[in-house]
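The chain contents come next:
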Amino acid sequence: MKSRLGKYIRPIFLFAVLCTFATIVLAYKNLQLLRDAESSVVLAQHIIARTQYIEKTLIHAESAQRGYILSGDEAYLPPIKKARKAIQEEIKNIDAMTLSPAIRNDLKVLEKLTDERIDLLEKGISLRGSQGLISAQQFIEEGNGKKKMDEALAVLEGIIAKENILLKERSKISEASYFTLFSTTSFTGMISLSMIILGFYVIVRELQKRTLLERNKDEFINMASHELKTPITSLKIFTQVMSKKLDLGQFVEARRYINKIDAQTYKLVSLITDLLDLSRIQTGKLRIEKEAFNLNALIDETVEETQGTTKIHEIVKKGDIARMVYADRYRIYQVLINLLTNAIKYSPEGGKITITVEQVRDDVVVSVEDKGIGIEEKFLEKVFERLYQVTDPREKTYPGLGVGLYISSVIVRRHGGKMWVQSKKDRGSTFYFSLPLRENEL
Ligand code: ADP
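Residues numbered from 1 in each chain as written. Predicted model: local features only at pLDDT ≥ 70, side-chain atom pairs only at ≥ 80, totals over all residues. Heavy atoms only, no water.

Asks: I'd like to hear about the overall build of the chain, residue by residue, with values.
Replies: Of the regular secondary structure elements, the chain holds 10 helices and seven strands. Over its C-alpha atoms the chain spans a radius of gyration of 52 Å, topping by over 25% the 22 Å that the globule rule assigns to 442 residues. Reported as C-alpha extents along the three principal axes, the dimensions of the chain are approximately 165 × 55 × 35 Å. Considering only residue pairs separated by 6 or more positions, the chain has 76% of its internal contacts joining residues 24 or more positions apart. Roughly 26,600 Å² of accessible area belongs to the chain as shown, and the carbon and sulfur atoms make up 58% of that amount. Here the chain contributes 66 positive and 57 negative side-chain charges, whose respective centroids are spaced 4 Å apart. (Helix = DSSP H or I, 4+ residues; strand = E, 2+ residues; numbered from the N terminus. Rg over C-alpha atoms; globule rule 2.2 N^0.38 Å. Contact = heavy atoms within 4.5 Å. Areas by Shrake-Rupley, 256 points an atom, 1.4 Å probe, with all protein chains shown as cover. Lys, Arg positive; Asp, Glu negative; His and termini not counted. Charge placed at Lys NZ, Arg CZ, Asp CG, Glu CD.)

Asks: Explain helix α2 (residues 77-97) residue by residue, including any values.
Replies: Given a rise of 1.5 Å per residue, 21 residues ought to cover 30 Å, and the 31 Å separating the end C-alpha atoms of α2 matches this to within 8%. Within α2, the full set of buried residues consists of Leu77, Ile80, Ala83, Ala86, Ile87, Glu90, Ile91, Ile94 and Met97. (Expected span 1.5 Å × (residues − 1). Buried < 20%, exposed > 50% of the residue type's maximum accessible area, 1.4 Å probe, protein only.)

Asks: Please provide a residue-by-residue account of a nonpolar patch on the surface, values included.
Replies: A contiguous nonpolar surface patch, about 320 Å² in accessible area, is contributed by Met190, Leu193 and Ile197. With respect to the element layout, Met190 can be found in helix α5 (residues 145-247). With a relative accessible area of 53%, Met190 lands in the exposed category. (Patch = residues over 30% accessible without salt bridge, like charges linked within 9 Å, V, L, I, M, F, W, Y side chains within 5 Å. Salt bridge = Lys/Arg side-chain N within 4 Å of Asp/Glu carboxyl O.)

Asks: Please set out the site of the ligand residue by residue, giving values where relevant.
Replies: Taken together, 19 residues surround the ligand, and among them Asn342, Tyr346, Asp370, Gln389 and Leu405 come closest. With respect to the ligand, the backbone of Leu401 contributes an N or O atom lying 3.0 Å from an oxygen atom. Protein chains shield 97% of the accessible area of the ligand, which is 530 Å² for the free molecule. Of all the elements in the fold, those that place two or more residues in the shell around the ligand are α8 (329-345), α10 (404-414) and β7 (428-436). (Near = heavy atom within 4 Å. Polar contact = N/O pair within 3.5 Å; in protein donor to acceptor, adjacent residues only side chain to side chain.)

Asks: Tell me about the side chain of Ser192, residues and numbers included.
Replies: Locating Ser192 in the fold gives a position in helix α5. According to the relative accessible area criterion, Ser192 is buried, its value standing at 5%. Reaching out from Ser192, the side chain makes a polar contact with the backbone oxygen of Gly189 at a distance of 3.0 Å. If we skip the residues at most four places from it in the chain, Ser192 touches Ala16, Cys19, Thr20 and Thr23.

Asks: Explain the nonpolar core to me, and be specific about the residues and the numbers.
Replies: Counting 52 residues, the largest nonpolar core has Leu295, Ile332 and Phe433 as the members making the most contacts within it. The dominant element in this core, judged by the number of residues it contributes, is α8, at nine residues. Apart from the residues lying within four places of it in its own chain, the contact partners of Ile332 are Phe293, Leu295, Leu298, Ala327, His415, Phe433 and Leu435. Counting 25 residues, the second largest nonpolar core, distinct from the first, contains Leu77, Ile80, Ala83 and Val155. (Core = buried A, V, L, I, M, F, W, Y, C linked by side-chain atoms within 4.5 Å.)

Asks: Talk me through unusual backbone geometry; I want residue IDs and the actual numbers.
Replies: In this structure, Arg361 is a non-glycine residue whose phi angle is positive, near 50 degrees. Inspection of the secondary structure assignment puts Arg361 in the loop between β4 (351-360) and β5 (363-369). The phi torsion at Asp426 lies on the positive side, around 65 degrees, for a residue other than glycine. Examined against the element boundaries, Asp426 turns out to sit in the loop between β6 (418-424) and β7.

Asks: I'd like a description of the pattern of salt bridges, backed by residues and values.
Replies: A side chain with one charge can pair with a side chain of the opposite charge if their charged atoms come near. As enumerated under the stated definition, the model contains 22 salt bridges in all. The partner of Arg104 in a salt bridge is Asp95, with the nearest N and O atoms 3.6 Å apart. Judged by its relative accessible area of 32%, Asp95 is partly exposed. In this structure, the salt-bridge partner of Lys245 is Glu253, at a minimum N-O distance of 3.7 Å. Note on Glu253: relative accessible area 32%, which makes it partly exposed. The network of salt bridges with shared partners includes Arg84, Asp115, Asp119 and Glu122.

Asks: Before we move on, can you summarise the packing of aromatic side chains with the specific residues and values?
Replies: Counted by the stated rule, this structure contains five aromatic pairs. Here the aromatic rings of Phe13 and Phe200 are separated by 5.7 Å at their centres, their planes lie at 85 degrees, and the arrangement is edge-to-face. Here Phe200 lies in helix α5 and Phe13 lies in helix α1 (residues 9-71), a separation of 187 residues in the sequence. You can call Phe13 partly exposed: its relative accessible area is 24%. The class for Phe200 is partly exposed, based on a relative accessible area of 48%. Relative to Phe431, the ring of Phe384 has its centre 6.2 Å away and its plane inclined at 80 degrees; by these criteria the two rings are edge-to-face. In this pair, Phe384 is assigned in the loop between β5 and α9 (393-396) and Phe431 in strand β7, connecting sequence segments 47 residues apart. Side by side, Phe384 and Phe431 carry an identical accessibility label, which is buried. Geometry around Trp420 places Lys418 over its ring, the cationic atom sitting 5.5 Å from the centre. (Phe/Tyr/Trp six-rings, centres within 6.5 Å; stacked < 30°, edge-to-face > 60°. Lys NZ or Arg CZ within 6 Å of the ring centre and 35° of its normal.)

Asks: So what's going on with the environment of Gln65? Residues and values would help.
Replies: Mapped onto the secondary structure, Gln65 falls in helix α1. For Gln65 and Ile80, which are 15 residues apart along the polypeptide, the C-alpha to C-alpha distance reads 7.1 Å. Residues contacting Gln65, with those up to four places away along its chain left out, are Ile80, Leu120, Leu121, Gly124, Ile125 and Ile140. From its side chain, Gln65 meets the backbone oxygen of Leu121 in a polar contact 3.3 Å long.

Asks: Quick rundown of the pairing of β6? Include the residues and the values.
Replies: Covered by surrounding structure in β6 are Met419, Val421 and Ser423 only, the residues Lys418, Trp420, Gln422 and Lys424 on the alternate face being uncovered. Here β6 folds back onto β7, and the loop between the two strands holds three residues, one of which, Asp426, carries a positive phi near 65 degrees. (Pairing = 2+ DSSP bridges.)

Following this line, the structure appears as C-alpha cells:
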C-alpha cells in the first residue's frame, strides 16, 4: 500500500527526467550560440591583425624605398619586392573572412591603392638605379606617392575601426551567450537536481514506512499468536483437571471448571471475531445490516452479561432512550461489549462503571465511564488507531490486540456516528459514541 507521498514518486521522476532533458537541449543550443559568437569574435580579431599587418608591410616598404634611394644599398630592396604579393594575399584572406559588405568594398579600394603605391615605390627605385639620387628624390617629392599612401592608410584605419565596432558587438553577444548558457542550464539543472533529491527522499520515506509496516505486522502476528495461545493453554489445563475431577466423582468441582472453560472459550471467540472483523475492514467487507431495535434493552443485556464477568466492579446504567434505534444490533452490541470490557480491564482495582444513554438533539449518545488507570492526553486520539496500544510499561501487562476501539470506531462511523474519549491519567476514562436518530426514524 502506497502512502500519500508515495503516489508522487512517478510524477517526480518523470518531471526530473524532463528537466534533465530540457537542460541538455538548452545547454546544447546555448553552446552552439556561444561557439558562433566566439568564432565571430576570433574572426574579427584575425581581420584586425591582418589589416595591421598590411599597414606595417606598406610602411615598411616605404621606409625601405627611402633607405635604398639614400644609400643605393640593395639590401633594402627585398621588403619592397615581397610587399605586393604579401598585401594581395592578406587582402584575399580578409575578403574570405569578413562578413561585412562595407569592408569588402573597402578591400577593393585598398587593393587598387596599394597596387598603385607599390608601382610608385618601384618606379622610384628604378629611377635611382638609372638616373641617380637627385632624379629619384625629385620623383618622390613631386609625385603623388604620399597622397596614395595616406589614402591607403586611411582605408586601412577605416577597416580596423569597423572591425573594432563589430568586435565589441560580438564580444557583447558572446558575454550574453555565456550568461544565458550559465543561467538556463543552472536553473533547469537545479530543478532536475531538486526533483531527483525529492524523489529519493520520497523513496527513502516510503521504504522506512514499509519497514515499519512490516515490523508492525510481525509484532501484531507475534502478539496475536500469544493472545490466542493463552486461552488455548488454559482450556487444555482446565479440561485435564475437569476430567480428573470427573474420574474422582467430584462433580461440583468439575462444574466450576466448566464455567472456567466457558469463559476461556468466550475469550477465544471474541479474539477470533476481532481478527476476522479487522480483516473484513481491511478488505472493505464489513457489512452493516440495520434493523429497528430497542437500544435500552440491548444496553441492559450487555450490562448484565459483563457484570457476570466481574465481582470487583459495579456496572450502573443511567438514562433512557425512548425511541427505537435503526442500526446493526449485533455491531452495536459489539461496541458496547468492547467499551464495557475495556472499562473493566483498565480499572484493575475495581470500582464503579457507569453507562449512560441520552438523547442529544438528533443523536443518541452512549458513554461508558470508569475510574481506572486513565490515558495520558497525548495518547487520547491515538487509541482509536488500528493496532494502537498505549505503550506505558504498566499498560503492557493488560492483554489485548489493540484493535477493539479501532473496530468500534469504524462501526460507529459506518452508522454515521462519532466516537471520542475524555480521560485523565490515573483518574479514569469516559468513552462516548453517538448514533444519528433522525435518519433512523421509523
Ligand atoms: P486492547 O484493549 O485490546 O489493547 P483497544 O483497541 O480496545 O485494544 O484499546 C486500545 C488502547 O486504548 C488500549 O491498549 C489501552 O491502552 C487504551 N484503553 C482503551 N480503553 C481504555 C480505558 N477504559 N482506560 C484506559 N485505557 C484504555
